[in-house]
Amino acid sequence: MAEAGKAGIATLVMHGKQHLTALRADGNVLVLETLYFADEIRDPKAELDVPGRVRSRPQELKMAVSLVESMSDEWRPSRYRDTYTDRVNELIKAKRSGGEFQPSEAAPEPTDVVDLLAVLRRSVGDARSGRGTRKAPAKTAAKKAPAKKTAAKKAPAKKTAAKKAPAKKTPAKKAASKKAASRRKAS
């Protein structure tokens, strides 16, 4: 097949379904790839609501590139295991030995992400501060609210003939004023 530059097309039944496949030579091995039947191919524009051209600001693109670069690392296949198969094998061993087994926990509830850019900044900061070590997220600078304009002061109201009695202080106010007085004396 390699010398002829050709591939074989065949059908295969897998998981109770018929698949279209291509059998081709790749070096010294034969590779079997599953293909799609014509009726399985759909036009994404007809099936999905695909947005038009998305424009991003230069700082957003720079942030995305920085995030990808900070999370990039050398490929080490030994870091990855088929944990699903491991759990199934543990379950089989537990059932065989008559032991107890625990069903898996329910998935956690999704969280609300309000500001995606702030989350990306924290993620980049975490990745830069040390791969694999989890540090407290850096605090982002809060935007200052614009200064409020103060209203023009009104002229003092005319005093009435009757004097008002001074307001009584509550015990909490008395204690607060004593503390303030003792602080002034200590200074």
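Analysis parameters
- Residues numbered from 1 in each chain as written.
- Predicted model: local features only at pLDDT ≥ 70, side-chain atom pairs only at ≥ 80, totals over all residues.
- Heavy atoms only, no water.
- Helix = DSSP H or I, 4+ residues; strand = E, 2+ residues; numbered from the N terminus.
- Expected span 1.5 Å × (residues − 1).
- Buried < 20%, exposed > 50% of the residue type's maximum accessible area, 1.4 Å probe, protein only.
- Arc of directions from axis to C-beta.
- Contact = heavy atoms within 4.5 Å.
- Pairing = 2+ DSSP bridges.
- Axes fitted to C-alpha atoms, helices over the stretch in contact; angles between N-to-C directions.
- Phe/Tyr/Trp six-rings, centres within 6.5 Å; stacked < 30°, edge-to-face > 60°.

Caption draft 1: Representation of helix H2 (residues 58-71) in the model. If you check H2, its first and last C-alpha atoms are 20 Å apart, about what 14 residues at 1.5 Å a residue would give, namely 20 Å. For H2, the full list of buried residues reads Met-63, Ser-66, Leu-67 and Ser-70. One face of H2 carries all of its buried residues, which in axial projection span an arc of 100°. Turned more than 90 degrees away from the buried face of H2, the exposed residues are Pro-58, Leu-61, Val-68 and Glu-69. At its buried positions, H2 is contacted by helix H4 (116-129).

Caption draft 2: Representation of the pairing of strand S3 (residues 29-35). As paired strands, strand S2 (residues 17-26) and S3 are joined by 7 bridges and run antiparallel to one another. Opposite Leu-20, over in S3, you have Leu-35 as the bridge partner. Here S2 folds back onto S3, and the loop between the two strands holds 2 residues, one of which, Gly-27, carries a positive phi near 70°.

Caption draft 3: Layout of the sheet that holds strand S1 (residues 8-14). With respect to topology, 3 strands assemble into an open sheet ordered S1-S2-S3, the strand pairing being antiparallel. In this open sheet, the two strands that pair with only one neighbour each are S1 and S3. Here the strands of the sheet are splayed against their neighbours by 40° on average, with no regard to which way each runs.

Caption draft 4: Structural context of the packing of aromatic side chains. The final tally for this structure, using the stated rule, is 1 aromatic pair. Each ring, one from Trp-75 and one from Tyr-80, has its centre 5.2 Å from the other, and the planes form 20°; the classification is stacked. Neither residue differs from the other here; Trp-75 and Tyr-80 are each classed as exposed.

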